[in-house]
Amino acid sequence: MDDMARNQSINAVDVIPSDTINIPNPGKITSGTNTSGAALTLTDAGQNFLNSATNPNGYNIRGGDVVYSAAGVICEIESVDSATQLTLKVPGIAAGTYDIYKGNVANGDSPGYSLFVGTTGDVAIQTPGGEDVVMKNVGNASFIPQQAIKVKAAGTTATDILALL
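From a predicted model like this one, the values you see are computed outputs, not experimental measurements.

Undergrad: Would you mind going over the sheet that holds strand 5 (residues 74-80) with me for this structure?
TA: Strand pairing in a sheet is mediated by backbone hydrogen bonds. Such pairs are either parallel or antiparallel. Here six strands make up an open sheet; going across it, the order is 2-7-4-5-6-3 and the pairing antiparallel. At either end of the open sheet lies a strand with only one pairing partner, and these are strand 2 (30-34) and strand 3 (41-43). Put simply, the sheet's adjacent strands are angled 40° from each other on average, direction ignored.

Undergrad: How do you make sense of the environment of lysine 28 when you look at a structure like this?
TA: For lysine 28, the location among the structural elements is in the loop between strand 1 (12-14) and strand 2. The spacing of lysine 28 and proline 128 is 100 residues in sequence and 22 Å in space, taken between C-alpha atoms. The contact partners of lysine 28, leaving out residues within four places of it in the chain, are Asp99, Ile100 and Tyr101.

Undergrad: Got a minute to help me understand unusual backbone geometry in this structure?
TA: Excluding glycine, a negative phi dihedral is what most residues carry, and trans is how most peptide bonds are arranged. Even without glycine at this site, asparagine 137 takes up a positive phi of about 50°. Take asparagine 137: it is sitting in strand 10 (residues 132-138). Residue aspartate 160 is not a glycine yet carries a positive backbone phi of 55°. The residue aspartate 160 is located in strand 13 (residues 159-164) in this model. Judged by its relative accessible area of 54%, aspartate 160 is exposed.

Undergrad: Sorry, what's going on with the sheet that holds strand 13 here?
TA: Within the open sheet, the four strands sit side by side as 1-13-8-11. Their pairing is antiparallel. With partners counted over all chains shown, the strands left at the sheet margins are strand 1 and strand 11 (142-148), one partner each. In this sheet, adjacent strand axes meet at a mean angle of 30° when their direction is disregarded. Note: strand 8 (residues 113-119) against strand 13, five bridges, orientation antiparallel. Bridge assignment links serine 114 to a residue of strand 13, and that residue is leucine 164.

Undergrad: Looking at this model, I keep getting lost on the pairing of strand 9 (residues 121-126). Mind explaining?
TA: Within a regular strand, the side chains alternate between the two sheet faces. Burial of strand 9 is extensive: six of the six residues sit out of reach of the surface. When strand 9 meets strand 10, the two strands line up antiparallel, connected through five bridges. In the strand pairing of strand 10, glycine 121 is matched with valine 138. Between strand 9 and the antiparallel strand that follows it, strand 10, lie five residues; glycine 130 among them carries a positive phi value of about 95°. As paired elements, strand 9 and strand 12 (residues 150-152) share three bridges and run antiparallel to each other. Bridging across to strand 12, glutamine 126 finds its partner in lysine 150.

Undergrad: Hey, could you run me through the nonpolar core in this one?
TA: Side chains of a nonpolar character, in soluble globular proteins, are inclined to be buried together. In this structure, Leu115, Val123, Val151 and Ile161 are the most contacted members of the largest nonpolar core, which totals 21 residues. Elements with a minimum of two residues in this core: strand 4 (66-69), strand 8, strand 9, strand 11 and strand 13. Element by element, the count of residues in this core is highest for strand 8, at three residues. Those residues in contact with valine 151, other than ones at most four positions away along the chain, are Val15, Pro17, Ser18, Ile23, Leu115, Val123, Ala124, Ile125, Thr156 and Ile161.

Criteria and cut-off values
- Residues numbered from 1 in each chain as written.
- Predicted model: local features only at pLDDT ≥ 70, side-chain atom pairs only at ≥ 80, totals over all residues.
- Heavy atoms only, no water.
- Pairing = 2+ DSSP bridges.
- Helix = DSSP H or I, 4+ residues; strand = E, 2+ residues; numbered from the N terminus.
- Axes fitted to C-alpha atoms, helices over the stretch in contact; angles between N-to-C directions.
- Contact = heavy atoms within 4.5 Å.
- Buried < 20%, exposed > 50% of the residue type's maximum accessible area, 1.4 Å probe, protein only.
- Core = buried A, V, L, I, M, F, W, Y, C linked by side-chain atoms within 4.5 Å.

Here you go:
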């Protein structure tokens, strides 16, 4: 493998800025439709969230994993309550389609992600070392030369951000 190929990302995930939730690991593990009207639960009769069903597929859903709604809302899973219901840590996911990603819990093990900014603005991040940094006036189609574990909603005005791994 040449040096250029080693320097290229192999996975990416869209970033939904959050002041509390880290960028999830790339590669959604499952998708579906939330039929719950309750703000703290996600209910999907077409799913089986239990480990006995998900483990043969190569994953388990657990607290700390992340839900992205089609409306652009991000929430963290608190617990798997049953085959068809999850409890979320904070309200926010309304009825509609969703994707679930493995969580990227800050424990000092994550080297972070490179970021690509599609549409200009400021980008507020948290580094793997825990520092809060604001990159000002990042241009369209730019790469940020700092690893990030979180893109914060407060202070981020740029949009169309991708986390690259």
